[in-house]
Amino acid sequence: MPTKARNHNAKRKADGGRLLVDNPHGGRMLRTRKRLGVNRDVFARLIPVSVRTLASIESGEAAPSESVSRALKQLERVIASLSGVIAADALGEWIQKPNSAFHGLKPLEVIERGEIDKIWRMIYFLESGTPG
């Protein structure tokens, strides 16, 4: 059986022979997604990656690119801050509902558009108690 060139960090999974990579981010992604309470379809839009790529990263079959790692870190930071102003179990629902603070856009759509600064601004006003 011909073998393809592999990342030097790759190793074979003992129980199934699937190719796994040394990927500490897969578990982080899964934990972040679960903390947010959203499915892969929604989470993939937030990072942004395809659902298939997200599944591969979460399972350890692929390592995230540098841009995906940066997006994950940024998302983790905003989730941590949002948890201070929104109940943790309501975050997943909040992120998927139209919001008048964003002119009727869903926070998910705001993030997809690359306008996460609008969410940071909202967090600032909520934490400071000053009107936006």
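Residues numbered from 1 in each chain as written. Predicted model: local features only at pLDDT ≥ 70, side-chain atom pairs only at ≥ 80, totals over all residues. Heavy atoms only, no water.

### Quick look at the nonpolar core
In terms of nonpolar packing, the biggest core is built from 31 residues, with F43, L82 and I119 touching the most fellow members. Secondary-structure elements contributing two or more residues to this core are α1 (25-36), α2 (40-46), α3 (51-59), α4 (66-82), α5 (91-95), α6 (107-112) and α7 (116-128). Considering every element that reaches this core, the biggest residue donor is α4, with seven residues. Those residues in contact with F43, other than ones at most four positions away along the chain, are M29, T32, R33, L36, V38, L54, L72 and L75. (Core = buried A, V, L, I, M, F, W, Y, C linked by side-chain atoms within 4.5 Å. Buried < 20%, exposed > 50% of the residue type's maximum accessible area, 1.4 Å probe, protein only. Helix = DSSP H or I, 4+ residues; strand = E, 2+ residues; numbered from the N terminus. Contact = heavy atoms within 4.5 Å.)

### Quick notes on the packing of aromatic side chains
Given two aromatic rings, their pairing is described by the distance between the two centres and the angle made by the two planes. All told, the structure shown has two aromatic pairs when counted by the stated rule. Ring centres 6.4 Å apart and planes at 70° place the aromatic pair W94 and F102 in the edge-to-face group. Residue W94 is classed as buried on the basis of its relative accessible area of 16%. Consider the rings of Y124 and F125, whose centres lie 5.2 Å apart with planes at 70°: the pair is edge-to-face. On the basis of relative accessible area, F125 is assigned to the partly exposed category, the value being 26%. (Phe/Tyr/Trp six-rings, centres within 6.5 Å; stacked < 30°, edge-to-face > 60°.)

### With respect to unusual backbone geometry
Residue I47 is joined to P48 through a cis peptide bond whose omega torsion reads -15°. Notably, H103 is not glycine yet its phi reads approximately 55°, a positive angle. Assignment of secondary structure puts H103 in the loop between α5 and α6. Judged by relative accessible area, which is 75%, H103 ranks as exposed.

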